[in-house]
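# Report on the structure
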Amino acid sequence: VAKMLQASIRPMDSVARIGGEEFAIVLPNCPFDFGLAAAERVRLRVASLSIDIGRDDPLGLTVSVGGAFSPVQARPEAQQWLARADAQLYRAKADGRNRSCLEPPAGEAEAQMSMFGQSWFQTPE
């Protein structure tokens, strides 16, 4: 999974395991639409993986993705940024898993809703 994550991002991006089965991907200078495309690319690639664990049927995987954005000038603390992304991750899990839930960039007045694969986007309440 880690190798697939690394292969799914740009050279300037970073992937890190933050614990257990959770990974973080940092996408600097990333517009919202690109973040959405990256999240979906990762989600779909993970869903296409088939892992042989010595049983008759290979193991299939899915992933829930949560993301948060920040304008360059805001420079939030890493813990604040992770907490916002984590809130979106838990929304994705609560609403059925195998989804991408990204917080729109700050300053967008109304919620954005879009069915892109199994994804949706909404400003946090």
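Scroll up a little and you will see the structure.
Residues numbered from 1 in each chain as written. Predicted model: local features only at pLDDT ≥ 70, side-chain atom pairs only at ≥ 80, totals over all residues. Heavy atoms only, no water.

Turning to the pairing of strand β2 (residues 22-26), a few remarks are in order. Alignment of strand β1 (residues 14-19) against β2, held across five bridges, turns out to be antiparallel. The residue of β2 that forms the bridge with Gly19 is Glu22. Connecting the antiparallel pair β1 and β2 is a turn made up of two residues, with Gly20 showing a positive phi of about 50°. (Pairing = 2+ DSSP bridges. Helix = DSSP H or I, 4+ residues; strand = E, 2+ residues; numbered from the N terminus.)

If you check helix α2 (residues 32-48), its first and last C-alpha atoms are 24 Å apart, about what 17 residues at 1.5 Å a residue would give, namely 24 Å. For α2, the full list of buried residues reads Phe32, Gly35, Leu36, Ala38, Ala39, Glu40, Val42, Arg43 and Val46. (Expected span 1.5 Å × (residues − 1). Buried < 20%, exposed > 50% of the residue type's maximum accessible area, 1.4 Å probe, protein only.)

Side chains carrying opposite charge are able to pair once their charged atoms draw close together. Tallied over the full model, the rule gives three salt bridges. One salt bridge connects Arg10 with Asp13, and the closest N-O pair in it is separated by 2.8 Å. Looking at Asp13, the relative accessible area reads 5%, which means it is buried. (Salt bridge = Lys/Arg side-chain N within 4 Å of Asp/Glu carboxyl O.)

Moving on, we get to the packing of aromatic side chains. Across all of its chains, the model carries one aromatic pair by this definition. The interplanar angle of 50° and the centroid separation of 5.3 Å between the aromatic rings of Phe32 and Phe69 together place this pair among those described as tilted. Remark: Phe69 occurs in the loop between β5 (65-67) and α3 (78-94) and Phe32 occurs in helix α2; sequence separation between them is 37 residues. Judged on exposure class, the residue Phe32 and its partner Phe69 are both buried. For Lys93, the ring lying beneath its charged end belongs to Tyr90, and the centroid distance is 5.1 Å. (Phe/Tyr/Trp six-rings, centres within 6.5 Å; stacked < 30°, edge-to-face > 60°. Lys NZ or Arg CZ within 6 Å of the ring centre and 35° of its normal.)

Residues Val1, Phe23, Ile51, Ile53 and Leu59 make up a contiguous nonpolar surface patch of roughly 370 Å² in combined accessible area. Here Ile51 is to be found in strand β3 (residues 50-51). (Patch = residues over 30% accessible without salt bridge, like charges linked within 9 Å, V, L, I, M, F, W, Y side chains within 5 Å. Areas by Shrake-Rupley, 256 points an atom, 1.4 Å probe, with all protein chains shown as cover.)

Take the environment of Arg43 next. Tracing the sequence through the fold places Arg43 in helix α2. Taking the C-alpha atoms as reference, Arg43 lies 7.1 Å from Ser64; in sequence the two are 21 residues apart. A polar side-chain atom of Arg43 sits 3.2 Å from a polar atom in the side chain of Asn98. (Polar contact = N/O pair within 3.5 Å; in protein donor to acceptor, adjacent residues only side chain to side chain.)

Function cannot be inferred from these measures alone, as they are strictly geometric.
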